[in-house]
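# Chains, contacts and geometry: an overview
Letter by letter, the chains look like this.
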Amino acid sequence: MARLLQAYCLCLVVFVLTAGSMMKTTLAKACMEDLGTCDPGNDDCGRRCYTKHGEGSQGTCDTAISPPVCSCTYFCPPSA
């Protein structure tokens, strides 16, 4: 009986820790930054965005504007 209670408590603790970690990821805000002009014919914008903001970032060359502008979307750093 005592082992069953210990196992239950351990599962509950693991669940709470996992749920808390997932909440932080889900609640992360997206930020956007202009990285200057870009060439729609290559993926330079995506590379510049990844280099500056790392994994999870996405750079797109916005051709609706003239000249085209590289827009980088990334997860905002956590506030202190």
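Now for a look at the structure at hand. (Residues numbered from 1 in each chain as written. Predicted model: local features only at pLDDT ≥ 70, side-chain atom pairs only at ≥ 80, totals over all residues. Heavy atoms only, no water.)

### Focus on the overall build of the protein
Short version of the rule: Secondary structure elements are taken from DSSP: a helix is a run of H or I of four residues or more, a strand is a run of E of two residues or more, and numbering for both begins at the N terminus. Exposed residues in this analysis have more than 50% of their type's maximum accessible area, buried residues have under 20%, and partly exposed residues fall in between, with area computed by a 1.4 Å probe over protein chains only. Whether two residues are in contact is decided by their heavy atoms: any pair within 4.5 Å suffices. The protein chains shown are the only cover counted for residues, whose accessible areas, like all others here, come from Shrake-Rupley with a 1.4 Å probe.
Of regular secondary structure, the protein possesses two helices and three strands. The N-to-C order of helical and strand elements in the protein reads α-β-α-β-β. The proportion of buried residues among the 80 residues of the protein is 15%. Restricting to contacts in the protein with at least 6 residues of sequence separation, those with at least 24 account for 47%. As presented, the protein carries roughly 6500 Å² of accessible surface, and 64% of it is formed by carbon and sulfur atoms.

### Details of the side chain of Ser-71
As for its position among the elements, Ser-71 is in strand β3 (residues 69–75). What Ser-71 contacts, discounting residues up to four positions off in sequence, is Met-32, Glu-33, Cys-45, Gln-58, Gly-59, Thr-60 and Asp-62.

### Comments concerning the nonpolar core
Basically, it comes down to this: Buried Ala, Val, Leu, Ile, Met, Phe, Trp, Tyr and Cys residues form a nonpolar core when they are joined through side-chain atoms within 4.5 Å.
Membership of the largest hydrophobic core is limited to seven residues, which are Leu-35, Cys-38, Cys-45, Cys-49, Cys-70, Cys-72 and Tyr-74. Where this core is concerned, the elements lending two or more residues are α2 (44–53) and β3. It is β3 that provides the largest number of residues to this core, a total of three residues. Not counting the four nearest positions on each side in its chain, Cys-38 is found in contact with Cys-45, Arg-48, Cys-61, Asp-62, Pro-68, Val-69 and Cys-70.

### Points about the pattern of salt bridges
The test is simple: Each salt bridge in this description consists of a side-chain nitrogen of Lys or Arg and a carboxyl oxygen of Asp or Glu lying within 4 Å of one another.
This model, assessed by the stated rule, comprises two salt bridges. We note a salt bridge from Lys-52 to Glu-33, for which the minimum N-O separation is 2.7 Å. You can see Lys-52 sitting in helix α2 and its partner Glu-33 sitting in strand β1 (residues 30–37), a full 19 residues away along the chain. For Arg-48, the salt bridge goes to Asp-44, with nearest N and O atoms at 3.1 Å.

### Overview of the pairing of strand β2 (residues 58–62)
If a strand is regular, its side chains alternate between the two faces of the sheet. Applicable threshold: Two strands qualify as a pair provided that DSSP identifies no fewer than 2 bridges between them.
Where β2 lies against β3, five bridges are found, and the strand directions are antiparallel. Residue pairing across strands places Gly-59 opposite Cys-72, the latter belonging to β3. From the end of β2 to the start of β3, which pair antiparallel, there are six residues.

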